[in-house]
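# A look at the structure
Here are the chains, one letter per residue:
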Number of protein chains: 2
Amino acid sequence: MTTEEKIFNAARIIFQRKGFAGARMQEIADEAGINKAMLHYCFKNKQMLFEAVFMNAFSQLAPQINGIFFSQDSLFDKIRKFTHSYISFVILNPYLPAFIIQEMNNNPEFVMSFFKNENRPNPTILISQIEKEITDGIIKPINPKQLLMNIISMTVFPFAAQMLVKGMLQISDTEFYTMMEERKTSIAEQIINSIKR
Amino acid sequence: MTTEEKIFNAARIIFQRKGFAGARMQEIADEAGINKAMLHYCFKNKQMLFEAVFMNAFSQLAPQINGIFFSQDSLFDKIRKFTHSYISFVILNPYLPAFIIQEMNNNPEFVMSFFKNENRPNPTILISQIEKEITDGIIKPINPKQLLMNIISMTVFPFAAQMLVKGMLQISDTEFYTMMEERKTSIAEQIINSIKR
DNA sequence: ATCTTTGTTAACCAAATGGTTAAACCGTAT
DNA sequence: ATACGGTTTAACCATTTGGTTAACAAAGAT
């Protein structure tokens, strides 16, 4: 593993654990097992290092979301595949959602630029598909954006608010994990149930 | 307004905007329009000031959630009332959810103590009610905790991840607000639809 | 062999930041 | 009026923090 990779991985761990403001360059250097000056040698400054980490995190997560937007499946299959693959991915990267949401809220201006990128999640196709399935009588009338928000909410929230959820429902890490496994399929069925005619 | 109140309000604004690590004592003093030394005169130190703000925020939000747990209504009515009253409240305090979730993730140990409090949200009654309505054949079988998670997710997530949602769906502040108003009733109907026999 | 480029470090620096202090201010009881 | 209590401030302090520098090592290139 190159030094740059060591730094990057260390930075990802620390930034995801403490956020941009809470992370210390020295801590990242320690985690990487190298001298602090190397951070600035490889990544100009804290902001650049952070942007590299955030950009990477976001570009890992975005395709997971894009999956639902660009396939050829029926709406129901899209929902099933999305929740399943997204939760599978996030179980392996449980800190990503909270990290992205936190930094996005703390850094709106910088981060909104991501959504002008061509690679950004683009829901327009899915929205027109929903509208079509409504007029075709396959599903009940619903505001497509609200439906989309419901899907994302049920999928992402438990991870983003992990501590809150665990504390409120008084569940352990393993029980949480079990529930997330169950959600891979249960969310989809729940949503489909609520909209199918 | 007393000086202590001025400080507290300023601290709430700054902490909610930047989080504990990102907030600067000087910034809070400026926002309050007083000298920095007063912060330490009224609230010992940054940690104490933060805990006062967080405690207050949490104790405002908790009763909103407790509402759903301790009423005598039917499950469907509980869901309707909860989503409506919770969203109404959060529209007036749109930064609360993100703030609480963020600090809860960054500060698990300190914050988990809240859930040992007697005043904590306690879902056991609601969970047994759900179990009862399942055996009574009023609703379809479902893991009660999953159902609860769904309700909370759909209600809280759009606020917690406001920037993400706005960026992804490409909606303005006003459109966001309109959608949240719509959600006051639509979430409940959505969920009820998905579980009623 | 030696020069040059790249990688790496210890020591250092200036600014920022949380916190302190001692003096000033101000209403009020004597 | 004055002495006294709590309140407020300007100036100050110690530490932390992001960032720099200059020397050193290692690996090719000549």
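Residues numbered from 1 in each chain as written. Chains lettered and ligands numbered in written order. Predicted model: local features only at pLDDT ≥ 70, side-chain atom pairs only at ≥ 80, totals over all residues. Heavy atoms only, no water.

Superposition record for chain A on chain B: RMSD 0.1 Å, screw rotation 180°, translation along axis 0.0 Å. The transformation just described matches what one would write down for a two-fold rotation axis. Across chain A, the smallest distance between a C-alpha and the rotation axis is recorded for Ser 194 of chain A, namely 2.0 Å. Of the interface residues in chain A, 100% have counterparts in chain B that sit at the interface too, so the contact is made through matching surfaces. (Least-squares fit on C-alpha atoms with pLDDT ≥ 70 in both. Contact = heavy atoms within 4.5 Å.)

Right, let's talk about unusual backbone geometry for a bit. We note that Gln 170 of chain A has phi near 55°; this positive angle belongs to a residue other than glycine. One can find Gln 170 of chain A in the loop between helix H10 (162-169) and helix H11 (173-195). (Helix = DSSP H or I, 4+ residues; strand = E, 2+ residues; numbered from the N terminus.)

On to the protein's contact with DNA strand D. Not every one of the 14 residues close to DNA strand D is listed here, only the nearest: Arg 24, Lys 36 and Lys 46 of chain A together with Thr 3 and Met 38 of chain B. Of all atoms in DNA strand D that approach within 4 Å of the protein, 58% are sugar or phosphate atoms. Between Met 25 of chain A and DNA strand D, the recorded distance is 3.0 Å, taken from a backbone N or O atom to a phosphate oxygen. Here a phosphate oxygen of DNA strand D sits 3.1 Å away from a polar atom, N or O, in the main chain of Asn 35 of chain B. Among the elements of the structure, helix H3 (36-42) of chain A together with helix H3 (36-42) of chain B are those that each provide at least two residues to the surface near DNA strand D. The residue makeup of the surface near DNA strand D, split by class, is seven nonpolar, four polar and three charged. (Near = heavy atom within 4 Å. Polar contact = N/O pair within 3.5 Å; in protein donor to acceptor, adjacent residues only side chain to side chain. Nonpolar A, V, L, I, M, F, W, Y, C, P; charged D, E, K, R; others polar.)

For the rest of this paragraph, the subject is the UniProt feature "domain: HTH tetR-type" (unreviewed entry) in chain A. Within this numbering scheme, the UniProt entry marks residues 1-61 of chain A as carrying the feature "domain: HTH tetR-type" (unreviewed entry). With 84% helix and 0% strand, residues 1-61 of chain A has end C-alpha atoms that lie 24 Å from one another. (UniProt positions renumbered as here; feature names shortened; annotations may be inferred.)

The next thing to look at is the protein's contact with DNA strand C. Taken together, 14 residues sit near DNA strand C, with Thr 3 and Tyr 41 of chain A together with Arg 24, Lys 36 and Lys 46 of chain B positioned nearest. For DNA strand C, a phosphate oxygen lies 3.4 Å from a polar atom in the side chain of His 40 of chain B. Here Lys 46 of chain B contributes a backbone N or O atom positioned 2.9 Å from a phosphate oxygen of DNA strand C. Elements with a minimum of two residues in the surface near DNA strand C: H3 of chain A together with H3 of chain B. A breakdown of the residues in the surface near DNA strand C according to their chemical character gives seven nonpolar, four polar and three charged.

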